[in-house]
Amino acid sequence: MTQPDKARIKIFDTTLRDGEQSPGATMTHDEKLEIASMLDEMGVDVIEAGFPIASEGDFAAVKAIAEQTERATICGLARANVRDIDRCWEAVRHARHPRIHTFIGTSPLHRAIPNLTTDEMADRIHDTVTHARDLCEDVQWSPMDATRTEWDYLARVVEIAIRAGATTINIPDTVGYTAPVESADLIRRLIAEVPGAGDVVFATHCHNDLGMATANALAAVEGGARQIECTINGLGERAGNTALEEVVMALKVRGDILPFATGVDTRKIMAISRRVAAVSGFPVQFNKAIVGKNAFAHESGIHQDGMLKNPENFEIMRPEDVGLSATTLTMGKHSGRAALRSKLSDLGFEVADNQLADVFVRFKALADRKKEVYDDDLIALMQVEERTAEDRIKVGSLRVVCGTEGPQQASLTLSIDGQDASADATGDGPVDAAFNAVKALVDHGARLQLYQVSAVTEGTDAQATVTVRMEEAGRIVTGQSADTDTVVASVKAYVNALNRLMMRRGKVSGDLPEVSYKDAG
Ligand code: KIV
Ligand code: ZN
């Protein structure tokens, strides 16, 4: 895939660490393993698999990913202390190519958190990078909030990290503050002025608070960075991280002015984008570059006419280049199992025989209610199937009375650990009534933070996708579901969030504290 005349850029994917850290984006152990295997297959160079000291669950996921991964380097995150670094090494050392990534906040604001003087912090960096390098040959070091760190201090600590044995120096724009010219200059200047800089790889790690993450990452590459840190769909805290699909496609499409190559098979982009959206519960915005639903849709008359004459009139890349099949109209109620399986496989879902039987029943039910079943309908159906497979609480039946003559009422039956339980409730509208019925059956203190509905396809018989985000004692979870009945989809999404909450409660480890990467030091 790499073209010989182009400099090779390493793609470092942090969907499972910085992306998963996004409030509400928690993934299960199996989902993390699945995403890691898709990343490996698509040709990502480094997978940051998690933050091993954060919890037993994080540790187990990083270790399992290290053990299963065939090709990519597996990296774990560690704060600047021996305990974090040792725990990280325990998890990644099983990998064919392990890496320890250790970091500390170096800007004035971040230096104040561990309350270290600049000299004390410099010593800490020396000691921790040396310790990491004693354990592992491949050590990445990051001065968190580098773009708001004084130049002299940044240059000083980068030199210390290089002397202590770091092999990659990552320059994070932690709060998405920098701009392209500055991003390029900073890397260029570090490479030119820091002794030993020529012996290490410089990486760029950008956040998207001002919408400049992709531009900043590409500018850093022009300044000399040879590793881009990014996430699928730009998943990440606040406005997210640099989106993998954007930088990879920008380098591919604009090779004329950006003579750099990656090892990523771009045809695998859509499948992983959909999986990450499904397992994280963070839907992709319709007009998102590369992977948004509208990214290749040409609705207006002028565009359609131009497209028919020559697709290059309006398309700078072909849908197939990112793994999007040309057809969207898929199946009807007469389609059989073999056709369904083959269609699902085109969409990136490989289903075993026993799963196919279940999916087929649900597909037939959907086809009975909906005239046309599109790709997006099947994707929504599969995502619901996978999100709810292990749920302890399941929706049995729901009947709702609504309309202009109140009160709105809901009668609900849930199956909780295999036992049926029913309740009636009223509310301010059908969704409120149905949610009150759930609360009557499942006592919880979680607060509803977000309730969002969107149509999967066009038409009044379209399925609604509902996303629900809930918070309980600082734990944030996202639930999702889809159905042609919006109230049913809402209750299923709400119940899915409650199931995830129960899983999160069980995730907190015994002897290791749940930690945040912001408590650096
Ligand atoms: O944004 C950031 O600074 C980070 C570091 C831990 C590298 O994610
Ligand atoms: Zn980050």
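No experiment lies behind these values; they were computed from the predicted model shown. (Residues numbered from 1 in each chain as written. Chains lettered and ligands numbered in written order. Predicted model: local features only at pLDDT ≥ 70, side-chain atom pairs only at ≥ 80, totals over all residues. Heavy atoms only, no water.)

Some words on the pattern of salt bridges
- Evaluation of the coordinates by the stated rule reveals 33 salt bridges.
- Across the pair R87 and E56 runs a salt bridge, and its minimum N-O distance is 3.2 Å. Here E56 lies in helix α3 (residues 56–68) and R87 lies in helix α4 (residues 82–92), a separation of 31 residues in the sequence.
- Taking relative accessible area as the criterion, E56 reaches 33% and is therefore assigned partly exposed.
- Here R99 ties to D138 by a salt bridge, and the two come within 2.9 Å at their closest N and O atoms. In this pair, R99 is assigned in strand β5 (residues 98–105) and D138 in the loop between α6 (118–135) and β6 (139–144), connecting sequence segments 39 residues apart. The residues R99 and D138 share a single accessibility class, namely buried.
- Three or more residues are tied together by salt bridges with common partners; here these are R17, D18 and E48. (Salt bridge = Lys/Arg side-chain N within 4 Å of Asp/Glu carboxyl O. Helix = DSSP H or I, 4+ residues; strand = E, 2+ residues; numbered from the N terminus. Buried < 20%, exposed > 50% of the residue type's maximum accessible area, 1.4 Å probe, protein only.)

A word on the packing of helix α7 (residues 151–164) against helix α8 (residues 180–193)
- Between α7 and α8, the shortest axis-to-axis distance is 11 Å and the interhelical angle comes to 55 degrees. Relative to α8, α7 is oriented oblique. Note that α7 runs across α8; the crossing there is right-handed. Along its contact with α7, which presents W151, L154, A155 and V158, the element α8 presents L186, R189, L190 and E193.
- Residues that form the contact of α7 with α8 fall into these classes: six nonpolar, no polar and two charged. (Axes fitted to C-alpha atoms, helices over the stretch in contact; angles between N-to-C directions. Parallel < 35°, antiparallel > 145°, perpendicular 65-115°, else oblique. Left-handed = near helix turned anticlockwise from the far one by under 90°. Contact = heavy atoms within 4.5 Å. Nonpolar A, V, L, I, M, F, W, Y, C, P; charged D, E, K, R; others polar.)

Focus on the site of ligand 1
- In the neighbourhood of ligand 1, twelve residues make up the surrounding shell, with R17, D18, T174, H205 and H207 lying closest.
- Within the side chain of R17, an N or O atom sits 2.9 Å from an oxygen atom of ligand 1.
- Here an oxygen atom of ligand 1 and a side-chain polar atom of D18 are 3.1 Å apart.
- In the complex, the protein chains occlude 100% of the 260 Å² of accessible area that ligand 1 would expose alone.
- Looking at side-chain class alone, the shell around ligand 1 contains four nonpolar, six polar and two charged residues. (Near = heavy atom within 4 Å. Polar contact = N/O pair within 3.5 Å; in protein donor to acceptor, adjacent residues only side chain to side chain. Areas by Shrake-Rupley, 256 points an atom, 1.4 Å probe, with all protein chains shown as cover.)

A closer look at the environment of T484
- Position of T484 relative to the elements: it lies in the loop between β18 (475–483) and α17 (486–507).
- A C-alpha to C-alpha distance of 57 Å links T484 and M121, two positions 363 residues apart in sequence.
- When sequence neighbours within four positions are dropped, the list of residues in contact with T484 reads L366, R369, K370, D461, A462 and Q463.

Thoughts on the pairing of β6
- Counting buried positions along β6 yields six of six residues, so the element is predominantly enclosed.
- Covered by surrounding structure in β6 are V139, W141 and P143 together with Q140, S142 and M144, the residues of both alternating faces.
- Sheet analysis places β5 next to β6, joined by six bridges and oriented parallel. Within β6, the position partnered with I100 by the bridge is V139.
- Pairing geometry for β6 and strand β7 (residues 168–173), over two bridges, is parallel. Counted as the bridge partner of W141 is I169 from β7.
- Crossover β6 to β7 through α7 is right-handed. (Pairing = 2+ DSSP bridges. Right-handed = clockwise from strand over helix to strand, strands pointing away.)

Examining helix α10 (residues 244–253)
- Among the residues of α10, L244, E245, V247, V248, M249 and L251 are the ones counted as buried.
- Those residues of α10 that are buried lie in contact with β2 (10–13), α2 (29–42), α9 (213–223), β9 (227–230), β10 (260–261) and α11 (269–280).

Looking at helix α14 (residues 353–369)
- Look at α14: 25 Å from first C-alpha to last across 17 residues, which is about the 24 Å you get at 1.5 Å a residue.
- Turning to α14, its buried residues are L356, V359, F360, F363, L366 and A367. Down the axis of α14, the buried side of the element spans an arc of 130 degrees, and every buried residue falls inside it. In α14, the exposed residues that point more than 90 degrees away from the buried face are N354, V361 and D368. (Expected span 1.5 Å × (residues − 1). Arc of directions from axis to C-beta.)

With respect to the sheet that holds β2
- Overall, parallel pairing links the eight strands, which are arranged β2-β3-β4-β5-β6-β7-β8-β9 in a closed barrel. Pairwise comparison of adjacent strand axes, ignoring direction, gives a mean angle of 25 degrees for this sheet.
- Pairing of β7 with strand β8 (residues 201–206), which is carried by six bridges, proceeds in the parallel orientation. From the neighbouring strand, T168 faces β8, where its bridge partner is V201.

Remarks on the nonpolar core
- Core analysis: the biggest nonpolar cluster contains 91 residues, and W141, V158, I169, I171, L190, F202 and I228 have the highest contact counts within it.
- At nine residues, α7 tops the list of elements feeding residues into this core.
- Counting the residues that make up this core, at least three belong to each of domain 1 (8–280) and domain 2 (295–323).
- Aside from chain neighbours lying at most four places away, what touches F202 is V158, I169, I171, I187, L190, I191, A197, A225, R226 and Q227.
- Among the nonpolar cores identified, the runner-up in size contains 26 residues, and I393, A410, A434 and A497 belong to it. (Core = buried A, V, L, I, M, F, W, Y, C linked by side-chain atoms within 4.5 Å. Domains from an automatic or database assignment.)

Things to note about the domain arrangement of the protein
- You can read the domains of the protein as domain 1 (8–280), domain 2 (295–323), domain 3 (325–387) and domain 4 (390–509).
- Summarising the inter-unit geometry, the C-alpha centres of domain 1 and domain 3 are found 37 Å apart.
- Domain 1 puts six residues into the contact, and the matching count from domain 3 is seven residues.
- Roughly 580 Å² is buried in total at the junction of domain 1 and domain 3, and carbon and sulfur atoms are behind 47% of that figure.
- It is R274, R275 and A278 that lose the most area in domain 1 upon contact with domain 3, and together they represent 77% of the buried surface on that side.
- Inspection of the region where domain 1 meets domain 3 yields zero salt bridges.
- The interface formed by domain 1 and domain 3 includes zero residue pairs in polar contact (both at pLDDT 80 or more).
- Counted by class, the side of domain 1 that touches domain 3 contains three nonpolar, one polar and two charged residues. (Buried area = accessible area lost by both parts, 1.4 Å probe.)

Focus: the side chain of S55
- Within the element layout of this structure, S55 appears in the loop between β3 (46–50) and α3.
- For S55, a relative accessible area of 1% corresponds to the buried category.
- At a separation of 3.0 Å, a polar atom in the side chain of S55 contacts the side chain of D58.

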